[in-house]
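Residue-level structural notes
Residues per chain are reported as follows:
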Amino acid sequence: VAFGLYFPRKEYLENVYIDEPAGMPLLRIHALRDTHEEVAHFHLCQNLIISRARSHENNWFQIKEKTGLLYLSKSLDREDFNVLSAGNWMPLPKVMLYVFLSSHPFQEKECDSAMRTTVFLSLINATAPACSSLTARQLCFTEMDLSFHIKENKPPGTFHQLQLPSVHHLCQNLSISYKLLAAEGLPFRYNENTTSVRVTQRLDREERERYELIAKCTVRMGFREMQVEVPFLVNVLDEDDSPPFLPNGTDTTDAVVEFNRKEGTVIATLTVYDADTTPIYPLESSRKKYTGTIVTDDPWISETFRVEHIFDEIHFSPNGSQVRGTRHEY
């Protein structure tokens, strides 16, 4: 089943200051492909959600359909700020936008695509601070964790840009450079010219479920140099693509019943491993996936014996990295 394009993050966060100019870039959103032929188109719904309750027409924010760059289409003045933060009980008012994704150009007002991500914009009741007053951490990275989800068995692609579009736009007198620190041979590449990070090959969750890298940023301000490092994490999302396996290769077992056994006595066991999935909830859905059957034509046997199915999460260690799976016991 092809699920189509998808976002490598469930949500994005950014700050918006009063009187930032129209055209000001805020953040870049990326998409990854399900198949090689797909081309991503981004679309912003014309409603803002304020305080998760009220909705307001979006007159301030726009996204570039082909690049995913979110920008201010109109300067946010004090009056606008008052409109968007009115009745907002939070000390830092937030507005929420939905960005939609499609492999074809969007028709006007098309806002029912299943594939969407959420952007939270914190409204700051002040003009943007001077670049010289910001810490290296603020100049280099947003408050978001650098944590991404990439589906296994999908084509390579760019999934993040380290440089902050707003800082790059405002702080042109500073030199800000990045490095992605990763062990040799990991399937990720950093492009110094675009500051973008891409996954270079299809991933296999049954080989490795999590990659832990470090993003390092260097800021040069005149003769001063500051450095900051943050974790850069990639989780691999599972696709049901590996069959279960039996530790000794057999999917049946013989049960020998001795005379005078008490009710509840275990007379045979069979174990099945599945490296592909972990126990899912509700538990019944994990149970339905596999069934244990007593093979017999004798109604007395069917009435007198039953197969019980219990399962738990276990860890496999292919190539020395831990991957979660399930052990089913019958």
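Cut-offs applied
- Residues numbered from 1 in each chain as written.
- Predicted model: local features only at pLDDT ≥ 70, side-chain atom pairs only at ≥ 80, totals over all residues.
- Heavy atoms only, no water.
- Helix = DSSP H or I, 4+ residues; strand = E, 2+ residues; numbered from the N terminus.
- Rg over C-alpha atoms; globule rule 2.2 N^0.38 Å.
- Contact = heavy atoms within 4.5 Å.
- Areas by Shrake-Rupley, 256 points an atom, 1.4 Å probe, with all protein chains shown as cover.
- Domains from an automatic or database assignment.
- Buried area = accessible area lost by both parts, 1.4 Å probe.
- Salt bridge = Lys/Arg side-chain N within 4 Å of Asp/Glu carboxyl O.
- Polar contact = N/O pair within 3.5 Å; in protein donor to acceptor, adjacent residues only side chain to side chain.
- Nonpolar A, V, L, I, M, F, W, Y, C, P; charged D, E, K, R; others polar.
- Disulfide = S-S within 2.5 Å.
- Buried < 20%, exposed > 50% of the residue type's maximum accessible area, 1.4 Å probe, protein only.

So, the overall build of the chain
Broken down by element type, the chain carries 5 helices and 19 strands. Relative to a compact globule of 330 residues, whose C-alpha radius of gyration would be 20 Å, the chain shows 27 Å and is clearly more extended. By its C-alpha atoms, the chain is 85 × 45 × 40 Å across when sized along the principal axes. Across the chain, the fraction of contacts at a sequence separation of at least 24, relative to all contacts at a separation of at least 6, is 70%. Of the roughly 19000 Å² of accessible surface on the chain, a fraction of 50% belongs to carbon and sulfur atoms.

Points about the domain arrangement of the chain
Each assigned domain of the chain is listed here: domain 1 (1-128), domain 2 (130-239) and domain 3 (240-329). Computed over C-alpha atoms, the centres of domain 2 and domain 3 are 43 Å apart. With 9 residues of domain 2 in contact, the opposing surface of domain 3 contributes 12 residues. Buried area between domain 2 and domain 3, summed over both chains or domains, comes out near 840 Å², and the portion from carbon and sulfur atoms is 31%. Across the contact surface, domain 2 and domain 3 share 1 salt bridge. Ionic pairing is found between Glu209 and Arg324, a salt bridge with its closest N-O pair at 2.6 Å. At the boundary of domain 2 with domain 3, the tally comes to 7 residue pairs in polar contact (both at pLDDT 80 or more). Residue composition of the side of domain 2 that touches domain 3, grouped by class: no nonpolar, 1 polar and 8 charged.

Description of unusual backbone geometry
The backbone of Thr195 sits at a positive phi, close to 55 degrees, despite the residue not being glycine. In this fold, Thr195 is placed in the loop between strand 13 (188-191) and strand 14 (196-199). The phi dihedral of Asn260 falls on the positive side, at around 70 degrees, and the residue is not glycine. You can see Asn260 is positioned in the loop between strand 16 (224-237) and strand 17 (271-274).

As for the state of the cysteines
Throughout this description, disulfide means a covalent bond between two cysteine sulfur atoms. Going through the model one piece at a time under the given rule, you end up with 2 disulfides. Note on cysteine connectivity: Cys131 is disulfide-linked to Cys171, with sulfurs 2.0 Å apart. Linking Cys131 and Cys171, the disulfide has an S-S dihedral of approximately -85 degrees and is accordingly described as left-handed. A residue pair is termed long-range when its members are at least 10 positions apart, and Cys131 in the loop between strand 9 (116-124) and helix 2 (136-140) and Cys171 in the loop between helix 3 (165-170) and strand 12 (175-181) qualify at 40 residues. Residues Cys131 and Cys171 agree in their burial class; the two are buried. Each sulfur of the disulfide joining Cys140 and Cys217 lies 2.0 Å from the other. Around the S-S axis, the bridge from Cys140 to Cys217 shows a dihedral of about -65 degrees and counts as left-handed. Placement of Cys140 in helix 2 and of Cys217 in strand 15 (residues 210-221) is noted, with a sequence separation of 77 residues between them.

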